[in-house]
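Residue-level structure breakdown
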Amino acid sequence: MAYWLMKSEPDVYSIDDLERDATELWDGVRNYQARNFLTSMTLGDLAFFYHSNTKPPGIVGLMNIVETNVLDPTQFDPASKYYDPKSPKDNPRWYTVTVGYVETFNTVITLDQLKATFTPDELWVVRRGNRLSVMPVEDGVAEKLLGMAR
DNA sequence: GCCAACGTTGGC
DNA sequence: GCCAACGTTGGC
């Protein structure tokens, strides 16, 4: 079982939205490196939910992966902001996962705390200028994060 | 295949 | 709202 970190702007989709919905198709990722991480996820993997573009940014909870290699339907929807007219219908570019709600942490693990605890090599989210929205988290780092959250 | 222009992300 | 970082696009 692997650990991941996935970002979302809470104004767009938050941990509270996921708690309400129970599961959600994680659509709209349009970056190849992030897509490759999504397609390498397996059932039962756990993912930290990170709120970006908010005050304070940080890890707010935990999700699990309940469905893998799901076609992202928004790539074929001209009305969607994630529409990708260059994605071939017979060889779609964008696959993702369905996530399930696991828990909301009692306190946000803020970006400041993350920077104080982990090096940029240990946790990519503290890398300067990092824009990747899906990234792996090493087991040891994940266990430390769970300890900080509880 | 290079690289300038452009668009987006995301912290501050 | 600003702007640094950086991925993508498109002209050549």
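Everything that follows concerns the structure shown earlier in this document.
The sections below set out a description of the structure shown in this document. (Residues numbered from 1 in each chain as written. Chains lettered and ligands numbered in written order. Predicted model: local features only at pLDDT ≥ 70, side-chain atom pairs only at ≥ 80, totals over all residues. Heavy atoms only, no water.)

Regarding the overall build of chain A
The line we're drawing: Secondary structure follows DSSP: runs of H or I at least 4 residues long count as helices, runs of E at least 2 residues long count as strands, and numbering of each begins at the N terminus. For a compact globule the rule gives 2.2 Å times the number of residues to the power 0.38, and the radius of gyration it is set against comes from C-alpha atoms. Only protein chains enter the accessibility calculation, which uses a 1.4 Å probe. A residue is then buried if its area is under 20% of the maximum for its type, exposed if over 50%, and partly exposed in between. Throughout, a residue-residue contact means that at least one pair of heavy atoms, one from each residue, lies within 4.5 Å. In this description, accessible areas are obtained by the Shrake-Rupley approach with a 1.4 Å probe, and a residue is regarded as covered only by the protein chains that are shown. His is not counted, nor are the chain ends, whereas Lys and Arg count as positive and Asp and Glu as negative. Every charge is mapped onto a representative atom, which is NZ of Lys, CZ of Arg, CG of Asp or CD of Glu.
Helices and strands together make up the secondary structure of chain A, namely four helices and six strands. Written out in order from the N terminus, the α and β elements of chain A read β-α-β-α-β-β-β-α-β-α. In terms of overall size, chain A behaves like a compact globule, its C-alpha atoms giving a radius of gyration of 15 Å where 150 residues would be expected to give roughly 15 Å. Each principal axis of the C-alpha atoms in chain A carries an extent, and together these give about 45 × 30 × 30 Å. For chain A, the residues scored as buried account for 45% of the 150 residues in total. Looking at chain A alone, contacts between residues at least 24 apart form 72% of all its contacts between residues at least 6 apart. By element, 47% of the accessible surface of chain A is carried by carbon and sulfur atoms, the whole surface being about 8,000 Å². Of the side chains in chain A, 15 bear a positive and 21 a negative charge, and the two mean positions are spaced by 9 Å.

Quick word on the protein's contact with DNA strand B
The condition is simple: A cutoff of 4 Å decides nearness: a residue is near a molecule or strand if any of its heavy atoms lies inside that distance of it. Here a polar contact is taken to be a pair of N or O atoms separated by no more than 3.5 Å, where protein atoms must pair a possible hydrogen donor with a possible acceptor and residues adjacent in sequence count only if both atoms sit in side chains. Throughout, the ten residues Ala, Val, Leu, Ile, Met, Phe, Trp, Tyr, Cys and Pro are labelled nonpolar, Asp, Glu, Lys and Arg are labelled charged, and all others, Gly among them, are labelled polar.
Inspection of the region around DNA strand B gives K7, Y50, S52, N53, P57, L111, K115, N130 and R131 as its neighbouring residues. The share of sugar and phosphate among atoms of DNA strand B within 4 Å of the protein is 70%. Take K7: an N or O atom from its side chain is 3.0 Å from a phosphate oxygen of DNA strand B. In the model, a phosphate oxygen of DNA strand B is placed 2.7 Å from a nitrogen or oxygen of the Y50 side chain. Of the residues in the surface near DNA strand B, the class split is three nonpolar, three polar and three charged.

So, the pattern of salt bridges
Going by this rule: Put simply, a salt bridge is a Lys or Arg side-chain nitrogen that is within 4 Å of an Asp or Glu carboxyl oxygen.
On inspection of all chains with the given rule, the structure shows five salt bridges. In this structure, R20 engages D21 in a salt bridge whose closest nitrogen and oxygen atoms are separated by 2.9 Å. It is possible to trace a salt-bridge network through shared partners that takes in D17, R20 and D21.

Details of helix α4 (residues 139–149)
The condition is simple: An arc is given here, and it is the one of the directions from the helix axis to the C-beta atoms.
Regarding α4, the residues found buried are V141, A142, L145, L146 and A149. Summarising the axial view, the buried residues of α4 lie within an arc of 140°, below the 170-degree limit, and thus occupy one face. Away from its buried face, by an angle of more than 90 degrees, α4 presents the exposed residues E143 and G147. In this structure, the buried residues of α4 make contact with β1 (3–8), β3 (46–51), β4 (58–71), β5 (95–110), α3 (111–117) and β6 (134–137).

Overview of the protein's contact with DNA strand C
Neighbouring DNA strand C are the residues N31, Y32, K86, R128, G129 and R131. Separating a phosphate oxygen of DNA strand C from a side-chain N or O atom of R128 is a distance of 2.3 Å. R131 is positioned such that a nitrogen or oxygen atom in its side chain is 2.3 Å from a base oxygen of DNA strand C. Taken together, the residues of the surface near DNA strand C break down into one nonpolar, two polar and three charged.

Section: helix α2 (residues 32–39)
For α2, the full list of buried residues reads A34, R35, F37 and L38. Mapping the buried residues of α2 onto a view down its axis gives an arc of 160°, with all of them on the same face. Contact partners of the buried residues in α2: β1, β5 and β6. Looking at where α2 begins, the residue whose side-chain oxygen comes 3.0 Å from the main-chain nitrogen of Q33 is N31.

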